[in-house]
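# Notes for the structure review
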Amino acid sequence: VGIDVTEQRRGAGRGWETMGASTKTMETFGSTAAKALGFAVFCFGVRQVVLATTVTNKHKLRDLTVWTTQSTVGRNETLGVAKSVKLPDWMSDWELEHDGRRAHDFAKLDDQAFQRYLLEQEAEWKNELAFCLLPQAFKEKIKLDTWPLIARAWLRSFMLANLIYLGLGLTWAYYIYNVYGFRFFPTGATPRVGDVAEQIKVSLGALPMYSFLPALCENIVERGWTLAYVRVDEYGWANYLFYFFAYMAFVEFGVYWNHRLLHDLRFGYDKLHYIHHKYNKENTLSPFAGLAFHPIDGILQAIPYFWTLFVFPMHALTYELMLFSTAVWTTNIHDCVEVECQPIMGAG
């Protein structure tokens, strides 16, 4: 539907008046607002059911246990013995080991404060993984350690977004054009260097704003405003799997309608989405077109990953991994290589 409507809109000199029957399905701001309100009410109802049936039965973090390995010295060797430890006790020992003191009484922390502490420590761990790529002199020059956590989360997201986009795009392009080009593009209908360069330029220009979304979402999750959680055993594996699929179903629904409205609303297409659909011909589309959006357009299509956290319990790290793994999928659907892998859309 999107490509057909786009092609009609881009027809030279034809404009919107010549779209024929498709104009009957065009959205207005009023109809869009009505649909959005209806969906919001539906989500609120689903959230209330989830709160009543699942969230109220959630295990408190202070009641959880972790398995740790304790070394014991035998007659001729040192053995590792698995031992169950209360999460508050384990965290207290961990804090003493890393910070040199026990600053928190985890057994008495309320669940939201405990959750926030764990999420902030997880964020710092992710920062350490990303920032090891930066020279120490540069980190000292910009005084990175003094940045607020949300600012460091943005920098981490920005770095990883660039690495995923450029690394994955270059690797993907090398294989489909250079290694398997004779099979995928036997007629030589590959994109020109200028088209690919423009897609990279648009994408890199949008990545700073794209990177703000996961940083902001992470901050809101840390504050406990969503139903996201930090440890699988708070709900158990059965609920983890059930709500993972429920979450992804709502995300797909939201992404579909956000994308469709960007086509159906004249303002959305003319001011935002047309930038992406400049690359809808076989000889211009490439793996680098996957993120070549107006920044607001790209955020609108990713934001269902965030708002659905208010509806369903979702493991926080899983949510972030799914958000960033979308970059792999969007590279795949813009490469003009048709792959049958239903129910996943795998062709561009």
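Definitions and limits used
Starting from 1, residues in each chain are numbered consecutively following that chain's sequence as written. Predicted model: local features are reported for residues with pLDDT of at least 70 only, side-chain atom pairs are reported and counted for 80 or more only, and whole-chain, interface and lining totals are derived from all residues. Think of the side-chain values as coming from all heavy atoms in the structure, minus any hydrogens and water. Any two of the Phe, Tyr and Trp rings considered here, Trp counted by its six-membered ring, make a pair once their centres fall within 6.5 Å; the pair's planes then place it as stacked at under 30 degrees, edge-to-face at over 60, or tilted in between. The buried label applies to any residue whose accessible area, calculated with a 1.4 Å probe on protein chains only, is under 20% of its type's maximum; exposed applies above 50%, and partly exposed to all values in between. Secondary structure is summarised from DSSP: a helix means a run of H or I of at least four residues, a strand means a run of E of at least two, and numbering begins at the N terminus for each. Working definition of a nonpolar core: buried Ala, Val, Leu, Ile, Met, Phe, Trp, Tyr and Cys residues. They are joined through side-chain atoms within 4.5 Å. Residue contacts are counted whenever heavy atoms from the two residues lie within 4.5 Å of one another. Axis lines are fitted to C-alpha atoms, over the contacting stretch for helices. Their N-to-C directions set the angle, which ranges from 0 to 180 degrees. Under this scheme an angle from 65 to 115 degrees is roughly perpendicular, one under 35 degrees roughly parallel, and one over 145 degrees roughly antiparallel; angles in between are oblique. When the near helix sits turned anticlockwise from the far one by under a right angle, the crossing is termed left-handed; a clockwise turn instead gives a right-handed crossing.

### So, the packing of aromatic side chains
In the structure shown here, the tally under the stated rule is 21 aromatic pairs. Plain terms: the ring middles of Phe242 and Tyr243 are 5.0 Å apart, the flat faces sit at 80° to each other, and that makes the pair edge-to-face. For Phe242, a relative accessible area of 53% translates into the label exposed. The class of Tyr243 is buried, set by a relative accessible area of 5%. The interplanar angle of 90° and the centroid separation of 4.9 Å between the aromatic rings of Phe250 and Phe312 together place this pair among those described as edge-to-face. Separated by 62 residues along the polypeptide, Phe250 in helix α9 (residues 237–264) and Phe312 in the loop between α12 (304–307) and α13 (316–332) bring together distant segments of the chain. Note on Phe250: relative accessible area 14%, which makes it buried. On the basis of relative accessible area, Phe312 is assigned to the buried category, the value being 6%. Three or more aromatic residues joined by ring pairs form one cluster here, namely Phe39, Phe42, Phe242, Tyr243, Phe250, Phe253, Tyr256, Trp257, Trp307 and Phe312.

### A word on the nonpolar core
Core analysis: the biggest nonpolar cluster contains 42 residues, and Phe114, Tyr247, Leu309 and Tyr319 have the highest contact counts within it. Residue assignment for this core shows that the elements contributing at least two residues are α3 (87–99), α4 (111–131), α6 (149–179), α8 (193–222), α9, α11 (295–302), α12 and α13. No other element matches α8, which puts eight residues into this core. Sequence-distant contacts of Tyr319, defined by excluding residues within four places in its chain, comprise Pro214, Cys217, Tyr247, Tyr305, Phe306, Leu309 and Met314.

### A word on the packing of α3 against α4
Two quantities define a packed helix pair, namely the angle between the axes and the distance from one axis to the other. Look at α3 against α4: their axes get within 13 Å of each other, and the N-to-C directions meet at 45°. In terms of orientation, α3 lies oblique with respect to α4. Crossing angle aside, the handedness with which α3 passes α4 is left-handed. Side by side, α3 and α4 meet where Leu87, Pro88, Met91, Trp94, Glu95 and Asp99 of the first sit next to Phe114, Tyr117, Leu118 and Gln121 of the second.

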